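Given next are the chains, with one letter for each unit.
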Amino acid sequence: MTREQATFLFMGMLGTLALSVLTFVGGGLTGLAVALARIAPMRGVRMAATAWIQVVQGTPLLVLMGLCFYGPSIVGIGSMPALIAAALAMTIYSSAFLGEIWRGCIQSVHKSQWEAAECIGLTRWQRMQKIVLPQALRIATPPTVGFMVQIIKNTSIASLVIGFAELSYNAKVLNNSTFQPFIYFGCAALMYFAMCYPLSRWSRTLERKLNASRG
Amino acid sequence: MKYQFDFAAVLAQWPLLLEGAWVTVQLSFLATVIGFVLGALCAVGRNSKVGWLRWGVSAYVEAIRNTPLLIQSYFLIFGLSSIGITMPIMVGATLALVINIGAYTCEIIRAGIESIHKGQLEAADCLGMSPVQVFWHVILRPAVERVYPSLTSQFVLLMLASSIMSSIGAEELLGIANRIQSDTFRNFEIFLVLWVVYLALSYMMRAGFWLLGQFVFTRRRKLGTPL
């Protein structure tokens, strides 16, 4: 592998990281909204959030990418930059999964904590903000770190429909011109592994540590 | 909105779409069944006393779980063909999916096995069950029953992920859609139609797993209560 080719792969890795960060920020914000909507006092809001999760979790990410890439142009927004279209699709995808993970975490905060907060006369919002969410955050950290691995891996298909130049796309370009699949896809696999494995390990360590202190 | 929707051009190709959906169903079914067997075997291997087996299975699981399916299938299909090993595309796609889902299934079943109480094993010993009987009745079946919900959602995710196999040339739902796309140029309509078909497939799959669960786990008790 020449120096230019290695640089080209690293550029792809930067694309992967950029898309992952955008997705995590977007998916995090919308995911929190979905999680809160899932446990909202209004039945309609709860049902809408449930429907959202059901529909998004039953759709392949590739189809979401297609809808986000071709959709905006037909409502007159014009053509989407590849990065934005990919980030939008992945935000929608992550919002459903993170929303469901976090809903579980919020609801696993012990019931007596909710009741105690109610007894000292806190409003629903104060209860959430001061009592429940800080505790849920602790429970939510390990699975959230684990989901970041899914986000990084899922960015790999952003090139298939949208043509965003991330790591697997650049690896494929190199393979198409040189036909040495083991080298380029092997390197790409190692680079993904280098991004994902530390997060996987971290998630597992957190799980052990936070569990022990809770028990 | 000036855009003129034209679903007719896409829906006129319904025999093709149906064929693609059938390929998706076949791919997912094969990958689920073989992947389940592979995953169960790996879960056993990961708990075995043989060092190299335990180490090998862990390496496989970590490697697969920390790299994308797309890269795995590129590596497998393009890699093998570069050293002269070619296979029918359906075989290659199934192989890639099986290797991928095996690692996830292994982790899920292992979690189930770890949650089996020691006392159950001792009780089985006291009853004089053979190791095979213990493994089947006391370890594997209760473990799978306990993790059945997470297993089934993983398999539904696998069915949705099988759309990635279009990138190595599989003519499943998305592969067919790409073909229709280059004939009709109705990109957005095609993805809308695909969306509906995949949703329908995933609900049918969920219903199927629910029925299978009713049939296989015949003991009547609430899931999630201690066995």
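Residues numbered from 1 in each chain as written. Chains lettered and ligands numbered in written order. Predicted model: local features only at pLDDT ≥ 70, side-chain atom pairs only at ≥ 80, totals over all residues. Heavy atoms only, no water.

Asks: Explain the overall build of chain B to me, using residue names and the numbers behind them.
Replies: Looking only at helices and strands, one finds nine helices and zero strands in chain B. Listed N to C, the secondary structure of chain B is α-α-α-α-α-α-α-α-α in terms of helices and strands. Along the three orthogonal principal directions, the C-alpha set of chain B runs to about 75 × 45 × 30 Å. Out of the 227 residues belonging to chain B, those deemed buried represent 47%. Taking all contacts inside chain B whose residues are at least 6 apart in sequence as the whole, residues at least 24 apart take part in 77%. Between the centroid of the 16 positive side chains of chain B and the centroid of its 12 negative side chains there is a distance of 11 Å. (Helix = DSSP H or I, 4+ residues; strand = E, 2+ residues; numbered from the N terminus. Buried < 20%, exposed > 50% of the residue type's maximum accessible area, 1.4 Å probe, protein only. Contact = heavy atoms within 4.5 Å. Lys, Arg positive; Asp, Glu negative; His and termini not counted. Charge placed at Lys NZ, Arg CZ, Asp CG, Glu CD.)

Asks: If you had to explain helix 2 (residues 43–57) of chain A to someone new, which residues and values would you point to?
Replies: Under the 1.5 Å per step criterion, the end-to-end length of helix 2 of chain A is 21 Å for 15 residues, consistent within 8% with the ideal 21 Å. Here helix 2 of chain A has its buried residues at Ala49(A), Ile53(A), Val56(A) and Gln57(A). For helix 2 of chain A, the arc enclosing every buried residue in end-on projection is 95°, short of the 170-degree limit, so these residues lie on one face. Where the residues of helix 2 of chain A are buried, they touch helix 1 (3–38), helix 3 (61–74) and helix 4 (82–107) of chain A together with helix 7 (131–161) and helix 9 (187–216) of chain B. (Expected span 1.5 Å × (residues − 1). Arc of directions from axis to C-beta.)

Asks: Can you break down the confidence of the model for chain A residue by residue, with the values?
Replies: Considering every residue of chain A, the mean pLDDT works out to 91; 98% of them sit at 70 or more. The secondary-structure element of chain A with the lowest mean pLDDT is helix 5 (residues 111–119) of chain A, recorded at 88, while helix 2 of chain A shows the highest, at 96. (pLDDT = per-residue confidence, 0-100.)

Asks: Explain the side chain of Thr23(A) to me, and be specific about the residues and the numbers.
Replies: Relative to the helices and strands, Thr23(A) is located in helix 1. With sequence-adjacent residues up to four places away left out, Thr23(A) is seen in contact with Gly28(A), Ala87(A), Met90(A), Thr91(A), Ser94(A) and Ile151(A).

Asks: Please give an account of the environment of Leu30(B) that cites residues and values.
Replies: Residue and element names in this part refer to chain B. If you trace the backbone, Leu30 turns up in helix 2 (residues 14–46). Residues Leu30 and Ile116 lie 86 residues apart in sequence; the distance between their C-alpha atoms is 29 Å. Apart from residues no more than four positions distant in its own chain, Leu30 is found in contact with Gly35 and Thr94.

Asks: Any chance you could break down the interface of chain A and chain B for me, citing the residues and the numbers?
Replies: The interface is formed by 38 residues belonging to chain A together with 38 residues belonging to chain B. Between chain A and chain B, roughly 3400 Å² of surface is buried when both sides are summed, and carbon and sulfur atoms account for 76% of that area. Where chain A touches chain B, the interface holds one salt bridge. Residues Glu62(B) and Arg204(A) are paired through a salt bridge, measuring 3.2 Å at the closest nitrogen-oxygen approach. At the boundary of chain A and chain B, one finds seven residue pairs in polar contact (both at pLDDT 80 or more). Contributions of two or more residues to the side of chain A that touches chain B are made by helix 2, helix 3, helix 4, helix 6 (124–154), helix 7 (158–161), helix 8 (167–178) and helix 9 (181–214) of chain A. Counting residues per element, the side of chain A that touches chain B draws most heavily on helix 9 of chain A, at twelve residues. Of the residues assigned to the side of chain A that touches chain B, the class counts are 24 nonpolar, eleven polar and three charged. (Buried area = accessible area lost by both parts, 1.4 Å probe. Salt bridge = Lys/Arg side-chain N within 4 Å of Asp/Glu carboxyl O. Polar contact = N/O pair within 3.5 Å; in protein donor to acceptor, adjacent residues only side chain to side chain. Nonpolar A, V, L, I, M, F, W, Y, C, P; charged D, E, K, R; others polar.)

Asks: Requested: an account of unusual backbone geometry, with residues and values cited.
Replies: Of note, Phe179(A) is a non-glycine position whose phi angle comes to about 50°, a positive value. Looking at the element boundaries, Phe179(A) is found in the loop between helix 8 and helix 9. With phi around 60°, Phe185(B) is a residue other than glycine that occupies positive phi space.

Asks: Go over the packing of aromatic side chains, please, and point to the residues and values.
Replies: Residue and element names in this part refer to chain B. Within the structure shown, the criterion is met by twelve aromatic pairs over all chains. Between Phe155 and Phe209 the ring centres are 5.9 Å apart and the planes differ by 20°, which places this aromatic pair in the stacked class. In this pair, Phe155 sits in helix 7 while Phe209 sits in helix 9, placing the two residues 54 residues apart along the sequence. Overall, Phe155 belongs to the buried group, its relative accessible area being 4%. Assessed through its relative accessible area of 14%, Phe209 is described here as buried. An aromatic cluster is built from Tyr148, Phe155, Phe209 and Phe217, whose rings are joined through pairwise contacts. (Phe/Tyr/Trp six-rings, centres within 6.5 Å; stacked < 30°, edge-to-face > 60°.)

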